[in-house]
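# Descriptive structure summary
Here's the letter readout for the chains.
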Amino acid sequence: MKKSILVLLVLTLIFSLTACAKLPEKEISDNGNTENENTNVTIANPVTELTEDEFINIYGAYYLPEGSENPTFSQIKVEGEDEQIAEIDFTRFDNEYCFRYFKGEEQDISGLFYDIYDVNKQAKTDLEDGTCQIKIVKDNDKNVGTATWYDEINKINYAIIMEEGATEDLLISTFNQYYGYYCRTFSCGTPD
């Protein structure tokens, strides 16, 4: 099961990275699948955009850190799972972020799978028990990074992703906001 989730996340990353590349013309069929006019291959899009109301109906209330604006909502289909990855993209202090969460076994849902990271460490924050994994890598001229953590009590994976301009300070600042909110709401931490 973990392998299929990993494969799905890798495919999602590949699709997101190729979004800027010049590809042959494609048509969207009535069922939301992408069809390439040069082949007969059809690939189902694992990402579904949602309105704010749809997101709230599926996932309940959501939180955006102080200074956030322009949120967009979506979910990523995880093959073989009842739960889907919830995703909110937003701008905070002129930086673009992606926040994801997924209920299930502990795993990396960031979609970043580099062989080597320039920064790869556990970061203790100013919150009482707030610890996250910070990973940052230089990809061409961009600093790409993520802060990930797992709520062992509620079995929820979290990830904050920056596709450019990532720094430890920005990731930890945003993590502090999210961790503080979600732990107050769901009492996360390490089970006794």
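Residues numbered from 1 in each chain as written. Predicted model: local features only at pLDDT ≥ 70, side-chain atom pairs only at ≥ 80, totals over all residues. Heavy atoms only, no water.

### Some remarks on the overall build of the protein chain
Helix and strand counts for the protein chain come out as 3 helices and 11 strands. Helices and strands in the protein chain line up, N terminus first, as α-β-β-β-β-α-β-β-β-β-β-β-β-α. When each of the 192 residues of the protein chain is scored for burial, the buried share is 41%. Put simply, of all contacts in the protein chain between residues at least 6 apart along the chain, 51% involve residues at least 24 apart. A total accessible area of about 11,500 Å² is found for the protein chain, and carbon and sulfur atoms account for 48% of it. (Helix = DSSP H or I, 4+ residues; strand = E, 2+ residues; numbered from the N terminus. Buried < 20%, exposed > 50% of the residue type's maximum accessible area, 1.4 Å probe, protein only. Contact = heavy atoms within 4.5 Å. Areas by Shrake-Rupley, 256 points an atom, 1.4 Å probe, with all protein chains shown as cover.)

### What about the pairing of strand β6 (residues 85-92)?
Burial analysis of β6 places 7 of its 8 residues in the buried class, the great majority of the element. Both strand β5 (residues 68-76) and β6 contribute to a ladder of 7 bridges, which runs antiparallel. Bridge pairing in β6 links I76 to I85. As paired strands, β6 and strand β7 (residues 95-103) are joined by 7 bridges and run antiparallel to one another. Within β7, the position partnered with D89 by the bridge is C98. Remark: 2 residues form the turn of the hairpin made by β6 and β7, two consecutive strands paired antiparallel; F93 in that turn has positive phi of roughly 50°. (Pairing = 2+ DSSP bridges.)

### A short note on the packing of aromatic side chains
Following the criterion strictly, the structure yields 18 aromatic pairs and no others. Ring centres of Y114 and Y117 lie 5.9 Å apart, and the angle between their planes is 75°; this geometry places the pair in the edge-to-face category. Their ring planes at 80° and their centres at 4.7 Å tell us that W149 and F175 sit as a pair that is edge-to-face. Residue W149 is found in strand β10 (residues 142-151), and its partner F175 is found in helix α3 (residues 168-186); the two are separated by 26 residues along the sequence. Of the two residues, W149 and F175, neither departs from the other in class, the shared state being buried. (Phe/Tyr/Trp six-rings, centres within 6.5 Å; stacked < 30°, edge-to-face > 60°.)

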